[in-house]
Amino acid sequence: MQAALQPFREAHALENAWAVAQILSPVAPIDDPGRLYDFYRASNEHMVENDVRSVLKYSKQNRHLKNESDAWTDIFVSYWRAIGEILRAEEASNQGRLRDRQAVEVYEAWKAVATNIQKFVSNGMLPSWAVVCMYSAANHLRVLAIKADEQLAQTRNGATFNAGFQDDVVSTTPKSEKLEDAARVFNRMFALCLGDRNPDMNESRKWGVYYMANLQFKTYFKLKAITLSKNVVKAIEAQSDLPLFELYPKAHQVTYKYYVGILAFLQEDYARAETCLQEAFDACFMQAIKNQELILTYLIPCRLITKHAIPSADLLSSFPRLQRIFGPLVACIKRGDLPGFDEALVAGEEEFVKRRIYLTLERGRDIAQRNLLRKVFLAGGYEDLKEGQTEADRIRKSRIPLANFAAALRMGTAGEGSGQILEDDEVECMIANMIYKGLMKGYISREHAMVVVNKKGAFPGTGV
Amino acid sequence: MPPHPPAYNPVPARTTLARPEQPAQPSLGKPRKVDWPQPVRDYVGRAFEPQNVIEGISPAEMQAKLKDLISFFAGRNQLESLDWTTYPLPQQLLVAERRAALPPVEVAPGFANNVPPAPVHSSGLYTNNNSSSPQSARKRKSNDASDDLPTVQAEDNLPPWRKTNTASLKDRITYGNNHNEKRHKKNDSTSKSFEADLEKRKNRFNLGKSGNQTTPPWSSSRNDSDSDMPTGPVVGTNQSLEKRYFRLTAPPKPETVRPQHVLEKTLDLLKKKWREESNYGYICNQFKSLRQDLTVQHIKNSFTVSVYEIHARIALEKGDLGEYNQCQTQLKALYKQKLGGHPAEFTAYRILYTVYTCNKADMNDLLAELTLTDKAPPAVRHALDVRSALALGNFHKFFRLYLAAPNMGAYLMDMFIERERLHALANISRAYVTVALRFLTDELGFDSDNDCIEFLTSHGAENLVEQKTNDKNESQLRVKIKEGAGLFDSLRAAAFSKVDIKGQI
């Protein structure tokens, strides 16, 4: 045990929080795959508490460690037990004999580690940097909870009868029991960070606020309880004495902005979503391609709505995955190719729905349609020059027959008998929509079967 | 096998918010020495006699049972009135109890043939002269029997609620064995007062239930409920076609539950009554009790599906969204198990309903669930078209779809048709200066020009309609739609801001 805890004592002496967090990990480091085994072998259930205590308490070099030894002993003992569960589960799974609730046992054992750390951080028995260990334990807890739920889902087959006196046949058992459980742990940790009253900002747990918030976001998104995330945002916004957002680690900032942006996006508050996502994107680490892709996945549909803007070819080409999912759509919008747009939307539907951007992208059809109608307008050409007018003030024809628009909108559809025929009234309806949404200026005259567009700015924002 | 107290109790509405008084506090302070009647002492003595020991029953078990028994009767003031000389000994009761706890399957055939269930434990243990009552013979657990016997005996002078025997079940849950002696004394101390006794029983009942009240529903563990609830299904014996719905507060009695073949007739009857009388209050109540009977008997088959489907349709027809949503939730789970029914029809309703609630997140989830095969049936196709038409603002197509809604889709679309009409009007008012009334009638899916005018009038837009003669000297009703732009915009915004989603799950 002496040897097994040596790295910890060294890291602790240096107050190297991340190193300590690394040591308290349920996953062995890549360069030392046997570390968990070695640690577990260093003791047994009977002796572990005394073993750990004697090493930590009678530490000569480190006075602080001595004072904190009770807390660290509890933590390491629970850690040792959790490692035991993890190793047993690993072994069983390698032999294909994983028991029904084994992943749950691993989860419970690790939960003890996480709540232990939280407890000692809370009652001040650990130094302030131990907040980092709390994050890391919490993050591992999330992963283990997901595994436990996966296993539970496999063993639980189909809907069960409810045992209570309820009136209906099928009960609603929570699908991700353990992750919900973990979410409650995270919530306590979050409150612990947020509510710290230590006036010395160097020692404040408030520095953990955004990390814990991000962890909660991740969990709630996974749980499909997205609305709960709003409470986290509200709690943070109501807390007036947090350190400046810019002073937090960049990673915390970017992740937080990303999630707040997505929350706004899902509530269809696209203006706010755009601001947040743009900030996240600008601050994102250059080489974190995957993160940039994630941000852009929402920022692109967002800008399609707010600015009617499509991403440049340059931007897309540096993100192959985005090129694949957005490329065809963007090309069709640009060309005003409505059938192509519909096709691309159907082709990508699965991916879009999964990312929750389908319903937003669908609205991009308006832009494609605007571009198409604009082409009709441009093709209409100019009015004849009147006396005294020069080339410079030639104006485009502002009265365009409905039939022209109808012909454009019908392009590419299979025509009569295909079930896709576009009625004349429907054409009017689509143009009315363009006008209503402000994508086009003018009015429809049914009597003359004409669309009269504004002489100036018929299609706002497109230069004509 | 659990005891069978009555399946339900009509519970009086709570009139105050005060919590029921906890029974333990007031009487604990003054424990009093009790004088046991001689017959009880003799009975206890007999229970401990070596010749009465039954193999397999430990002395501890016997003593626990004995305490239970005595405190039970003491609580009812019946220590004196009971004939202790002939009352079965606790160990005998335990034997009967264990025998009764055999799997219920063996009893089932009897039930199915509509023969009253055989008294499983009537093995000559009951020498009590009251036990010949058929009422008590139906009890399947001796704990109940011990409970029931004096009840029968005292039947005439007891109010009906006292005949219920939930107490013994609750007692066992609420207190451990070591509490019984204390409780017995406590009960005895105040037992002279009938009122106090009644209050106590009520409180005890609440106490047993208190787990349900204090723990939030999401944290109540399933294992907990298994311990005090029947794990196996009830097999019903009730033959009546109609039954009023009561919320269950205790495990149901077989004689109040109707078996499936009766329920099938019930469904036919309800369908007929609905066609003939259309009394929704009655029908809904009957359907709820029908659903309850299915649940307690764990009947989950195509019949269950059709019950929920029919109830959902009727609720939809009457716009009872609460009940409709409950049925939908159940149906969703039932369809997953491939029990037949009309999943496409109800998937379409679900889509239309989500269109109504305007919940983008739900809609996204719903779309994510649908597979290509799910999307193929015409009803689902229609609902998806409705969704996309509205998403793209294609009101022309939307109102065409409204007129062609399959099944009962039109009832659902009725819930948002007014809103969408206002939306379309707001739209048209920006794009046209004036339009023929007929154009609005056609575009907005009205049956006639009059309906259209009525709609405009009811929204304060009657002044926009004017009589005009066109070039060919034909008189025509026209609408100065542009002037209504502001009005329609604000009406539209108001209509979209409130969506009633009661009972949505």
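What counts, and at which threshold
- Residues numbered from 1 in each chain as written.
- Chains lettered and ligands numbered in written order.
- Predicted model: local features only at pLDDT ≥ 70, side-chain atom pairs only at ≥ 80, totals over all residues.
- Heavy atoms only, no water.
- Helix = DSSP H or I, 4+ residues; strand = E, 2+ residues; numbered from the N terminus.
- Buried < 20%, exposed > 50% of the residue type's maximum accessible area, 1.4 Å probe, protein only.
- Contact = heavy atoms within 4.5 Å.
- Areas by Shrake-Rupley, 256 points an atom, 1.4 Å probe, with all protein chains shown as cover.
- Expected span 1.5 Å × (residues − 1).
- Patch = residues over 30% accessible without salt bridge, like charges linked within 9 Å, V, L, I, M, F, W, Y side chains within 5 Å.
- Salt bridge = Lys/Arg side-chain N within 4 Å of Asp/Glu carboxyl O.
- Lys, Arg positive; Asp, Glu negative; His and termini not counted.
- Charge placed at Lys NZ, Arg CZ, Asp CG, Glu CD.
- Axes fitted to C-alpha atoms, helices over the stretch in contact; angles between N-to-C directions.
- Parallel < 35°, antiparallel > 145°, perpendicular 65-115°, else oblique.
- Left-handed = near helix turned anticlockwise from the far one by under 90°.
- Phe/Tyr/Trp six-rings, centres within 6.5 Å; stacked < 30°, edge-to-face > 60°.
- Pairing = 2+ DSSP bridges.
- Core = buried A, V, L, I, M, F, W, Y, C linked by side-chain atoms within 4.5 Å.
- Disulfide = S-S within 2.5 Å.

## Notes on the overall build of chain B
The helix and strand inventory of chain B stands at 24 helices and three strands. For chain B, with 505 residues in total, the buried portion stands at 48%. Considering only intrachain contacts with a sequence separation of at least 6, the fraction spanning at least 24 residues in chain B is 68%. Of the roughly 24,300 Å² of accessible surface on chain B, 53% is carried by carbon and sulfur atoms.

## Some points on the overall build of chain A
The helix and strand tally for chain A stands at 21 helices and three strands. Looking at chain A residue by residue over its 464 residues, the buried ones come to 51%. Long-range contacts, defined here as pairs at least 24 residues apart, represent 63% of the contacts in chain A between residues at least 6 apart.

## Describing helix α15 (residues 321-336) of chain B
Residues and elements named next belong to chain B. Spanning 16 residues, α15 covers 22 Å between terminal C-alpha atoms, matching the ideal 22 Å at 1.5 Å per step. Taken across its 16 residues, α15 has twelve buried, putting it largely inside the fold. Residues Leu321, Gly322, Glu323, Tyr324, Asn325, Cys327, Gln328, Gln330, Leu331, Ala333, Leu334 and Tyr335 constitute the buried set of α15. Buried residues belonging to α15 abut α13 (280-296), α14 (302-317), α16 (343-357) and α21 (409-431). Of the residues flanking the end of α15, it is Lys338, one or two places downstream, whose phi is positive at about 55 degrees.

## Considering a positive patch on the surface
On the surface, Lys175, Lys222 and Lys224 of chain A together with Lys336 of chain B cluster together into a positively charged patch. Inspection of the secondary structure assignment puts Lys222 of chain A in helix α10 (residues 209-223).

## A few points about the packing of helix α8 (residues 131-155) of chain A against helix α9 (residues 177-194) of chain A
Residue and element names in this part refer to chain A. The N-to-C vectors of α8 and α9 enclose an angle of 165 degrees; their axes lie 7 Å apart at closest approach. As summarised for this structure, α8 and α9 are arranged roughly antiparallel, according to the angle between their axes. The handedness of the crossing between α8 and α9 is left-handed. Facing Val131, Met134, Ala138, Leu141, Arg142, Ala145, Ile146, Ala148, Asp149 and Leu152 of α8, the residues of α9 in contact are Glu177, Lys178, Leu179, Ala182, Val185, Phe186, Met189, Leu192 and Cys193.

## Some remarks on the packing of aromatic side chains
Residues and elements named next belong to chain A. Counting across every chain of the model gives 35 aromatic pairs over all chains. Measuring from ring centre to ring centre gives 5.4 Å for Phe217 and Tyr259, while their planes differ by 35 degrees; the resulting arrangement is tilted. Pair noted here: Phe217 is in helix α10 and Tyr259 is in helix α12 (residues 250-266), with a separation of 42 residues, a long-range link. Residue classification places Phe217 among the buried residues on the basis of a relative accessible area of 0%.

## Regarding the packing of α16 of chain B against helix α17 (residues 360-369) of chain B
Residues and elements named next belong to chain B. As a packed pair, α16 and α17 sit with axes 9 Å apart at the nearest point and diverge in direction by 160 degrees. Taken as axis vectors, α16 and α17 run roughly antiparallel relative to one another. The crossing of α16 and α17 is left-handed. On α17, the residues that touch Arg350, Ile351, Thr354 and Val355 of α16 are Asp362, Met363 and Leu366.

## Concerning the pattern of salt bridges
Overall, the coordinates contain 40 salt bridges over all chains when judged by the stated rule. The partner of Asp424 of chain A in a salt bridge is Arg410 of chain A, with the nearest N and O atoms 2.8 Å apart. With a gap of 14 residues between them, Asp424 of chain A in helix α21 (residues 424-436) and Arg410 of chain A in helix α20 (residues 402-410) connect regions that are remote in the sequence. Owing to a relative accessible area of 32%, Arg410 of chain A belongs among the partly exposed residues under this scheme. Residue Arg258 of chain B is joined to Asp293 of chain B by a salt bridge in which the shortest nitrogen-to-oxygen separation is 2.7 Å.

## Here's the deal with the sheet that holds strand β3 (residues 475-479) of chain B
Ordered by their spatial adjacency, three strands build an open sheet running β1-β3-β2 (chain B), and the pairing between neighbours is antiparallel. Every interior strand has two partners, whereas the edge strands, β1 (435-436) and β2 (465-469) of chain B, have only one.

## A closer look at the side chain of Thr360 of chain A
Residues and elements named next belong to chain A. Locating Thr360 in the fold gives a position in helix α18 (residues 358-362). Exposure remark for Thr360: the relative accessible area of 4% places this residue in the buried category. Here Thr360 is in contact with Phe265, Tyr270, Pro301 and Ile305, once residues within four sequence places are set aside.

## Looking at the environment of Glu483 of chain B
Inspection of the secondary structure assignment puts Glu483 of chain B in the loop between β3 and α24 (485-497). Distance from Glu483 of chain B to Val433 of chain B, taken between C-alpha atoms, is 8.0 Å for residues 50 residues apart in sequence.

## With respect to unusual backbone geometry
Residue and element names in this part refer to chain A. The phi torsion at His308 lies on the positive side, around 50 degrees, for a residue other than glycine. Inspection of the secondary structure assignment puts His308 in the loop between α14 (289-306) and α15 (313-317). Its relative accessible area of 34% is what places His308 among the partly exposed residues. Its identity is not glycine, yet Ala449 carries a phi of approximately 50 degrees, on the positive side. Tracing the chain through its elements places Ala449 in the loop between β2 (442-445) and β3 (450-453).

## Concerning the pairing of β3 of chain A
All names here are of chain A. With three bridges connecting them, strand β1 (residues 399-401) and β3 associate as antiparallel partners. Opposite Arg399, over in β3, you have Val452 as the bridge partner. Relative to β3, β2 is paired through four bridges, and the arrangement is antiparallel. Directly across from Gly442, in β3, lies its bridge partner Val453.

## Brief notes about the nonpolar core
The nonpolar side chains of a soluble globular protein tend to be buried with one another. Grouped together as the largest cluster of nonpolar side chains are 232 residues, with contacts concentrated most on Trp72, Phe76, Met212, Phe326, Ile431 and Met440 of chain A together with Leu440 of chain B. For this core, the leading source of residues is α8 of chain A, giving 13 residues. Not counting residues up to four positions away in its chain, the partners in contact with Leu440 of chain B are Leu425, Ile428, Val435, Phe446, Cys452, Leu456, Val479 and Ile481 of chain B. Judged by nonpolar contacts, the second largest core, of 18 residues, contains Val40, Ala47, Trp84 and Leu89 of chain B.

## Side note on the environment of Leu315 of chain A
Residue and element names in this part refer to chain A. Tracing the sequence through the fold places Leu315 in helix α15. In this structure Leu315 comes out as partly exposed when scored by relative accessible area, which is 26%. Considering only alpha carbons, one finds Leu315 and Leu296, 19 residues apart in sequence, at a separation of 9.8 Å.

## Side note on the sheet that holds β2 of chain A
Residue and element names in this part refer to chain A. Here three strands make up an open sheet; going across it, the order is β1-β3-β2 and the pairing antiparallel. Of all the strands in the sheet, just β1 and β2 have a single pairing partner and so form its edges. The sheet shows a mean angle of 20 degrees between the axes of neighbouring strands, taken without regard to direction. Running at roughly 55 degrees to β1, α20 makes contact with β1, β2 and β3 of the sheet.

## Quick notes on the state of the cysteines
Residues and elements named next belong to chain B. Evaluated as defined, the whole model comprises zero disulfides over all chains. Sulfur of Cys284: no disulfide; nearest cysteine sulfur belongs to Cys327 and is 8.3 Å away. Using a relative accessible area of 10% as the deciding quantity, one classes Cys284 as buried.

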